[in-house]
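Close look at the chain arrangement
Residue strings, one per chain:
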Amino acid sequence: MAAPLYYVSPYQINLQIPYETGAGTAVVGINNNGKVASFSFNTTPTAPGIFEPYGHLAPIASGKPGDVVVLFMTGEAM
């Protein structure tokens, strides 16, 4: 199944693993003008995590009422 791409460069590909992907071993295949490369990895039913912005070593202050707060998360249950 196709995966949404968020960023592609000569050295990096950011994609979202489709929600329909089951737990266990999964394989991602990359087709670049007919040349195919693949990579195997393990998936779990959920693996929650909240990420800090790059370069922050200390906790970030919480928002005040009316502020916009952005969370970068992975593995949230739907």
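Residues numbered from 1 in each chain as written. Predicted model: local features only at pLDDT ≥ 70, side-chain atom pairs only at ≥ 80, totals over all residues. Heavy atoms only, no water.

Remarks on the overall build of the protein chain
When helices and strands are counted, the protein chain shows 0 helices and 6 strands. In the protein chain, the succession of helices and strands from N to C terminus is β-β-β-β-β-β. Expressed as a percentage of its 78 residues, the buried residues of the protein chain come to 4%. At a minimum sequence separation of 6, the contacts of the protein chain that also span at least 24 residues come to 16%. Element-wise, carbon and sulfur atoms account for 60% of the exposed surface of the protein chain, whose accessible area totals about 7200 Å². (Helix = DSSP H or I, 4+ residues; strand = E, 2+ residues; numbered from the N terminus. Buried < 20%, exposed > 50% of the residue type's maximum accessible area, 1.4 Å probe, protein only. Contact = heavy atoms within 4.5 Å. Areas by Shrake-Rupley, 256 points an atom, 1.4 Å probe, with all protein chains shown as cover.)

Concerning the pairing of strand β1 (residues 5-8)
Relative to strand β2 (residues 13-15), β1 is paired through 3 bridges, and the arrangement is antiparallel. Within β2, the residue paired with L5 across the bridge is L15. The turn joining β1 and β2, which pair antiparallel and follow one another in sequence, is formed by 4 residues. (Pairing = 2+ DSSP bridges.)

Let's talk about the side chain of T43
Relative to the helices and strands, T43 is located in strand β4 (residues 35-43). We classify T43 as buried; its relative accessible area is 15%. A distance of 2.7 Å separates a polar side-chain atom of T43 from the backbone oxygen of G22. (Polar contact = N/O pair within 3.5 Å; in protein donor to acceptor, adjacent residues only side chain to side chain.)

Side note on the pattern of salt bridges
One pass over the structure, following the stated rule, counts 1 salt bridge. As a salt-bridge pair, K64 and D67 come within 3.5 Å of each other at their nearest N and O atoms. Judged by relative accessible area, which is 57%, K64 ranks as exposed. Classification of D67 by relative accessible area gives partly exposed; the value is 40%. (Salt bridge = Lys/Arg side-chain N within 4 Å of Asp/Glu carboxyl O.)

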